[in-house]
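# Architecture at a glance
Chain residues, written in single-letter form:
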Amino acid sequence: QAYEKAQTKVGIKAVWVENDLAGKGKLFAAIAAGLAPDVTWVDGPQVAEWAERDVLADITDYFAKAGLTEADFWTPSWKQNVYKGKIWAITFSADANFGFFWNKQVFKAAGLDPEQPPQTIDELTQVNNRLSKRSGGAIERMGILPWTTYGSANAMFTWGWIFGGEFFDEKANKVTADHERNIAALEWMQALIKEAGGFAEVAAFQATFGTDANSPFFVGQAAMALFGPWELANFARFAPDLPFGITFAPSGPPPAQPHSSWVGGWCVGLPKGTKQMDAAWDFVHWLCATDEGTGLYGRLMTQTPGYKKAKWYQELANEKPQIAPFIDILKEARHQRPVMPAQATFMGALQQNVDAALKGEKSAEQALKDASAETQEALDKLAQK
């Protein structure tokens, strides 16, 4: 509605399709049939894969005509849309992955300084041990459950980068999930599970977790966690009086660099075969790279735009001061999920193999070697086409 009020030539008709395999199948079938919609959502890590599948239109020239360059966007947000030297999508939101949250109430009850979160992985491990608590032979509270960072695949990326690991060698086109620092990160997670009593006990503890006002962080079952800025709406709704802090994730062991973080988020592309390219670009440019568009969804959705020059960022101090730590994270973020066309395979392989390692079915090294091998096989097949 706001876009239609901003100009008089283009109208919008929204079509809802679930973001799942069936939904993607409908989109791809429509494109193949010459019935492509003019605009589509595309998750940042899927951009390279969709470009390789020939379902996205090259919009490099539109960026040039609009005068948009890498300097206008957060660097990882820009990189995820560039594949084989061309631009295939424009970033909508830049997820600062992630803010380190700690429950000051639990810290104080455990005799810890509520204003001093752990700064390093060693400190985090020590604080976790201080905060973890058992009752009647069962786990009552854990300091942190790092493998629950939005699924074990995202957790592996997050903690792997914190430990100083890498997941893809772009020049060699080689998957490197089994980087030694990634292995160290997964071994650290395994050690936390073992210290808590083993996978079965931890799983039983996690099975008691509630939602909304009974979420584990809100009720003190987990004293520390990594969250995105979108969670702040839940804090305001379900735990408005909870004292908590937000900062950078603790630094990994040397030689890892401090403040290691990454950027995710949704993008918008023009499907191959779009019949109204100019009008479609006008809309996505307004939505993703103008003060009006980015300011609108920034306020409505508690989202940080990929367009880093958005004036909305200047208004944060007055409107949403709790997002300020996430802006600091965005400024220093160096990573995005690997820009390569086997990203979906990679996520699945990480999920399956990291879960196996956490259950004690594989060593950390073997799990990540298997994830690398499975993804590399898919990547090599794509390269042969």
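Please refer to the structure placed before this passage.
Summary of the structure given here. (Residues numbered from 1 in each chain as written. Predicted model: local features only at pLDDT ≥ 70, side-chain atom pairs only at ≥ 80, totals over all residues. Heavy atoms only, no water.)

## Notes on the overall build of the chain
Secondary structure summary: the chain contains 17 helices and 14 strands in total. Taking 2.2 N^0.38 as the reference for a compact globule, 385 residues should give roughly 21 Å; the C-alpha atoms of the chain span a radius of gyration of 22 Å, in line with that estimate. Once the C-alpha set of the chain is aligned to its principal axes, its extents read approximately 65 × 50 × 35 Å. By residue count, 53% of the 385 residues in the chain fall in the buried class. At a minimum sequence separation of 6, the contacts of the chain that also span at least 24 residues come to 70%. Counting every atom, the chain has about 18000 Å² of accessible surface; 51% of that belongs to carbon and sulfur. If the 36 positive side-chain charges of the chain are averaged to one point and the 44 negative ones to another, these points end up 2 Å apart. (Helix = DSSP H or I, 4+ residues; strand = E, 2+ residues; numbered from the N terminus. Rg over C-alpha atoms; globule rule 2.2 N^0.38 Å. Buried < 20%, exposed > 50% of the residue type's maximum accessible area, 1.4 Å probe, protein only. Contact = heavy atoms within 4.5 Å. Areas by Shrake-Rupley, 256 points an atom, 1.4 Å probe, with all protein chains shown as cover. Lys, Arg positive; Asp, Glu negative; His and termini not counted. Charge placed at Lys NZ, Arg CZ, Asp CG, Glu CD.)

## Quick word on the sheet that holds strand 11 (residues 224-227)
Reading across the sheet, the 3 strands line up as 11-6-12 and stay open at both edges, with antiparallel pairing between neighbours. Each edge of the sheet is formed by a strand with only one pairing partner; in this case those strands are strand 11 and strand 12 (244-247). Averaged over all neighbouring strand pairs, the angle between strand axes comes to 25°, with direction disregarded. As paired elements, strand 6 (residues 99-103) and strand 12 share 4 bridges and run antiparallel to each other. (Pairing = 2+ DSSP bridges. Axes fitted to C-alpha atoms, helices over the stretch in contact; angles between N-to-C directions.)

## Comments concerning the environment of Ile12
The residue Ile12 is located in the loop between helix 1 (2-6) and helix 2 (21-32) in this model. Residue Ile12 is classed as partly exposed on the basis of its relative accessible area of 41%. Residues Ile12 and Phe168 lie 156 residues apart in sequence; the distance between their C-alpha atoms is 39 Å. Excluding its chain neighbours within four sequence positions, the residues that come into contact with Ile12 are Tyr3, Glu4 and Phe283.

## Looking at the pattern of salt bridges
Under the counting rule described, the total for this entry stands at 10 salt bridges. Measuring nitrogen to oxygen at the nearest pair gives 2.7 Å for the salt bridge that ties Asp54 to Lys272. Within this pair, whereas Asp54 is found in the loop between helix 3 (47-52) and helix 4 (60-66), its partner Lys272 is found in the loop between strand 14 (266-269) and helix 12 (277-289), the two being separated by 218 residues in sequence. Judged by relative accessible area, Lys272 falls into the partly exposed class, the value being 36%. For Asp370, the salt bridge identified is with Lys362, shortest N-O distance 2.7 Å. The class for Lys362 is partly exposed, based on a relative accessible area of 26%. (Salt bridge = Lys/Arg side-chain N within 4 Å of Asp/Glu carboxyl O.)

## A short note on helix 12
Between the first and last C-alpha of helix 12 there are 17 Å, a value that for 13 residues agrees with the 18 Å anticipated at 1.5 Å per step. The complete set of buried residues in helix 12 reads Ala280, Trp281, Phe283, Val284, Trp286, Leu287, Cys288 and Ala289. Considering only its buried residues, helix 12 is in contact with helix 1, helix 4, strand 4 (90-91), strand 14 and helix 13 (291-301). (Expected span 1.5 Å × (residues − 1).)

## Topic: the nonpolar core
Core analysis: the biggest nonpolar cluster contains 58 residues, and Leu131, Trp147, Met156, Trp159, Leu186, Met224 and Leu350 have the highest contact counts within it. Among the elements that line this core, the one with the most residues is helix 9 (residues 180-195), at 8 residues. Beyond its immediate chain neighbours, meaning those up to four positions away, Trp159 contacts Ile121, Leu124, Ile144, Pro146, Thr149, Ala185, Trp188, Met189 and Leu226. Counting residues in each nonpolar core, the second largest holds 50 residues, with Phe63, Ile87, Phe227 and Val268 among its members. (Core = buried A, V, L, I, M, F, W, Y, C linked by side-chain atoms within 4.5 Å.)

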